[in-house]
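# Coordinates in review
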Amino acid sequence: MTDIYARLAYPAELAANGALLGLMYALVALGIVLVYKSSAVANLAHGSLVMLGAFVTWAITTHLRFPLALALVAAVLVMAAVGAGIERLALRRMAGQPLIMILMLTLGLEIMLRGLAPAIWGAGSKPFSIGISQDPLFVGALLINRVYLAGGALALVLMLLLMLLFHTRFGVVLRAVSDDHVASWSVGIAVERAIGLTWAIAGGLATLAGVVWASVQGIDWTLSLLLLKALAVAILGGLDSIGGAVVAGLLVGVLESVISGYLDPLVGGGTKEVVAAVVILLTILFKPHGLFGREIIERV
């Protein structure tokens, strides 16, 4: 009986921590989903916004000596301005251009920011703490990561707030803008302002995600690599589904944790990095709109 319990405890611990890790991925993906849901643009620069938000928070706490809570508020405001600025100065100029060119613009911004932030603040990894204890947390026989637990709770709270946002008048405006820019203009909706506000909110979300992830792995350019995991979560859940991002995050996290837990000892590691790519590939091939995304049927 003891042997059976021990055998079940290992996969249960992998699944539990994987689910929390997946919610951490969803925390990053929420910004991508928000922008796509309101403007139908897949923001490939979001990974670098997450990294930049962490750098800005670290700089405010280190150089300006702000307490963490105040520094986080200031960093969210700064990154909201950065997000709005990107939309105003770059994305708005692309109105009417082919979608592929807009995607390439966001990818170019991702690459530029990935190099710019380390050039300003240094390429070395910077430890960062948000005040969560690193002591082991046992739930029964399961060892749980406290930071993952906090990040997962934050992801759920933000999911609920964003879902409430899209049930407000402003949220209805955002959905209308996403469906048809021209029709929205024709009824008097300030399309540019609505999209700009969405990018500002996404910049703030990126900061929150960056700070939580920074407490796990430190602050350096590799934070931007979370883009791949976030894209896997957003695509699987449906690029326009906020709740879908959280569900998909749970699935991706559990798959990644369990698969790597059993295969890494056999193949020497690295399987965790493959799971996200496989999820993207299979989702696009077999369910392009994701688990909960809207399937838009165009009549010709």
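Everything that follows concerns the structure shown earlier in this document.
Described below are features of the structure shown in this document.

The rules behind each value
- Residues numbered from 1 in each chain as written.
- Predicted model: local features only at pLDDT ≥ 70, side-chain atom pairs only at ≥ 80, totals over all residues.
- Heavy atoms only, no water.
- Helix = DSSP H or I, 4+ residues; strand = E, 2+ residues; numbered from the N terminus.
- Expected span 1.5 Å × (residues − 1).
- Buried < 20%, exposed > 50% of the residue type's maximum accessible area, 1.4 Å probe, protein only.
- Contact = heavy atoms within 4.5 Å.

### Some details on helix H4 (residues 99-121)
Taking 1.5 Å per residue as the helical rise, H4 with its 23 residues ought to reach 33 Å, and the 33 Å between its terminal C-alpha atoms agrees with that figure. All of the buried residues along H4 are Ile102, Thr106, Leu109, Glu110, Leu113, Ala117 and Pro118. The inward-facing, buried residues of H4 contact helix H2 (46-63), helix H3 (68-91), helix H8 (191-217) and helix H9 (226-237). Directly after H4, the chain includes Gly122, whose backbone phi takes a positive value near 100°.

### Some remarks on unusual backbone geometry
Even without a glycine there, the phi angle at Ala40 is positive, about 60°. With respect to the element layout, Ala40 can be found in the loop between helix H1 (2-39) and H2. Non-glycine residue Arg65 carries a positive phi angle of around 60°. Along the chain, Arg65 turns up in the loop between H2 and H3. You can call Arg65 exposed: its relative accessible area is 67%.

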